[in-house]
Amino acid sequence: RELRSMAPVWLVAPIFAISLLSFIFAYYATCFILLITGRILLFANEQTYWRKWIHYCYTQRVWMVLLSYWARIKVTYVGDADKLPHREAALMISNHQDDLDFGVLIYAYIFSGIRSAETKWVAKKLVAQIPFFGWVHALMGDLFLARRWEEDGPNIHSWLSKFGFRGFKRIVIFPEGTRSRDPKKLQASQDFARKQGLPVLNNVLYPRTKGFSTIVQYFQQHPGTMDYVYDITLGYGGGGIDLTKFFLGTSVRTDVHIHYSRHAMKDIGKTEQEVSDWCTMRYQLKDRMMAYFNEHGNFPDAKTEARMLQDVKEMRAKYVPSTQPALEKNKPQTKKEK
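Residues numbered from 1 in each chain as written. Predicted model: local features only at pLDDT ≥ 70, side-chain atom pairs only at ≥ 80, totals over all residues. Heavy atoms only, no water.

Side chains carrying opposite charge are able to pair once their charged atoms draw close together. For the coordinates displayed, the defined rule picks out 11 salt bridges. Residues Asp 80 and Lys 83 are paired through a salt bridge, measuring 3.9 Å at the closest nitrogen-oxygen approach. One salt bridge in this structure joins Lys 210 and Glu 272, with 2.8 Å as the shortest N-O distance. Taken as a pair, Lys 210 in helix H8 (residues 210-220) and Glu 272 in helix H10 (residues 272-296) lie far apart in primary sequence, 62 residues in all. Residue classification places Lys 210 among the buried positions, given a relative accessible area of 17%. Salt bridges linked by common partners bring Lys 125, Arg 148 and Glu 151 together as one network. (Salt bridge = Lys/Arg side-chain N within 4 Å of Asp/Glu carboxyl O. Helix = DSSP H or I, 4+ residues; strand = E, 2+ residues; numbered from the N terminus. Buried < 20%, exposed > 50% of the residue type's maximum accessible area, 1.4 Å probe, protein only.)

Roughly 310 Å³ of internal volume is contained in the second largest pocket. Breaking the lining of the second largest pocket down by element, the ones donating at least two residues are strand E1 (73-79), strand E7 (254-264), H10 and helix H11 (302-327). Top element by residues in the lining of the second largest pocket is E7. It accounts for five residues. In terms of residue class, the lining of the second largest pocket is made up of eight nonpolar, six polar and five charged. (1 Å grid on protein atoms, 1.4 Å probe; cavity = no way out; pocket = protein on both sides within 12 Å on 5 of 7 lines; lining within 4 Å. Points joined across faces, edges and corners; volume = space filled by probe spheres on them. Nonpolar A, V, L, I, M, F, W, Y, C, P; charged D, E, K, R; others polar.)

Let us look at the nonpolar core. Formed by 39 residues in total, the largest nonpolar core has its most connected members in Leu 91, Ile 171, Phe 212 and Ile 215. For this core, the elements supplying multiple residues, two or more each, are strand E2 (90-94), strand E4 (143-145), helix H6 (149-163), strand E5 (170-173), helix H7 (183-196), H8, H10 and H11. Tallying contributions element by element places H10 first for this core, with nine residues. (Core = buried A, V, L, I, M, F, W, Y, C linked by side-chain atoms within 4.5 Å.)

Before going further, it helps to examine helix H4 (residues 101-111). The buried fraction of H4 amounts to nine of the 11 residues, a majority that puts the element mostly inside the structure. Those residues of H4 that sit buried are Asp 101, Phe 102, Gly 103, Val 104, Leu 105, Ile 106, Tyr 107, Ala 108 and Tyr 109. Looking one or two residues past H4, Gly 113 carries a phi angle of roughly 90°, positive in sign.

For the structure on display, the rule yields five aromatic pairs. Geometrically, the ring pair formed by Tyr 77 and Tyr 260 is tilted, given 6.3 Å between the ring centres and 35° between the ring planes. With Tyr 77 in strand E1 and Tyr 260 in strand E7, this residue pair connects regions lying 183 residues apart in the sequence. For Tyr 77, a relative accessible area of 26% corresponds to the partly exposed category. Here Tyr 260 falls in the buried class, since its relative accessible area comes to 0%. (Phe/Tyr/Trp six-rings, centres within 6.5 Å; stacked < 30°, edge-to-face > 60°.)

In an α-helix, one full turn covers 3.6 residues, which means residues spaced three or four apart are oriented alike. The first and last C-alpha atoms of H7 sit 20 Å apart over 14 residues, in line with the 20 Å expected at 1.5 Å per residue. Sitting at the amino-terminal end of H7 is Asp 182, which places a side-chain oxygen 3.0 Å from the backbone nitrogen of Lys 184. Of the residues one or two after H7, Gly 197 is the one with positive phi, at around 75°. (Expected span 1.5 Å × (residues − 1). Polar contact = N/O pair within 3.5 Å; in protein donor to acceptor, adjacent residues only side chain to side chain.)

Another point: the confidence of the model for the protein. When pLDDT is averaged across the protein, the result is 77; 66% of the residues are at 70 or more. Segment residues 1-7: pLDDT under 50, and nine contacts once partners within four positions in sequence are set aside and those in other chains are kept. Confidence drops under pLDDT 50 across residues 42-46; counting only partners more than four residues distant or on other chains, this segment forms eight contacts. (pLDDT = per-residue confidence, 0-100. Contact = heavy atoms within 4.5 Å.)

Summarising burial for E7: nine of the 11 residues are buried, a large majority. When E1 meets E7, the two strands line up parallel, connected through seven bridges. Directly across from Val 78, in E7, lies its bridge partner His 259. Direction of pairing for strand E6 (residues 228-236) relative to E7: antiparallel, over a ladder of nine bridges. Among the inter-strand pairings, Ile 232 is bridged to a residue of E7, identified as Tyr 260. (Pairing = 2+ DSSP bridges.)

Across the sheet, seven strands lie side by side as E1-E7-E6-E2-E5-E3-E4; this open sheet has mixed pairing. At either end of the open sheet lies a strand with only one pairing partner, and these are E1 and E4. The mean angle between the axes of side-by-side strands here comes to 20°, regardless of whether they run parallel or antiparallel. Of the pairings in the sheet, the one linking E2 to E5 comprises four bridges and is parallel in character. Bridged to Ala 90 within E5 is Arg 170. The strands touched by H4 within the sheet are E1, E2, strand E3 (119-124), E5, E6 and E7, with E7 carrying the most contacts at an inclination of about 55°. Together, E2, E3, E5 and E6 form the strand contacts of H8, whose direction differs from that of E2 by roughly 165°. (Axes fitted to C-alpha atoms, helices over the stretch in contact; angles between N-to-C directions.)

Structure follows, in structure tokens:
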């Protein structure tokens, strides 16, 4: 920044270009090496160990360096952060605002003693098609959803059965399915809410709950493997991480607040409907928490959060009749319904 203010454009531009090219070369060269070596190792021996090794190299090493030194983020942990048992297995859900939320959540699980090699991600199928980034995640055995239940349902069950999650400690999901800061996506979510008679959310999107419910019910049927849900809310001071500055290596320090809320799966609900209701309620609460964060620069204390949750429950009582049909739009219709 000092150079840009003192030097002429013809001198600064090449320096920025070199910085950008250096970032691209280092990142993609690393991904390429991991793709080649990982494919060879998996071809020689299809063992979970090798997928863990790829995951560790890519996420815990590459992205931690990028975010710590290139993006210069500073993380503050709040909520139930000081109550988390060390290395507890948990399903982690989070709001999705920024392109770099993925990297920030690495801090969230490493904070509780979980290594990247013990983590799996769930994302939309489009991510798997992103050159290098998506290819590496596909190689690591992460789950990609097509948003068509007739295809996603069997894939989720197959994925869970394949890995069995012996030795894995974390699954990370963005139930919103896309970034809430995209004005078109936010508008679409709000239009959907109005059409279905639901409360309009201004800071998060209504979650897609079917995949989340399926995963929760799987672990409820297999107690002792993953018994808790960590509800994460991300807040960025100063509006978030600027991608252009990130790629150019000129990012200013960004304060990231990670709010934890820990819940036992057995208390969430027994049926798909109850689990779906719980997830929707948490995102209605997130909307209020994000409104508070945007105004004050930090998340509310426990007392204020509890009051917000009570307000959400009272609000939901008014909308119960119309909530469930709206949130189950992917459910196949019977002939009678048609």
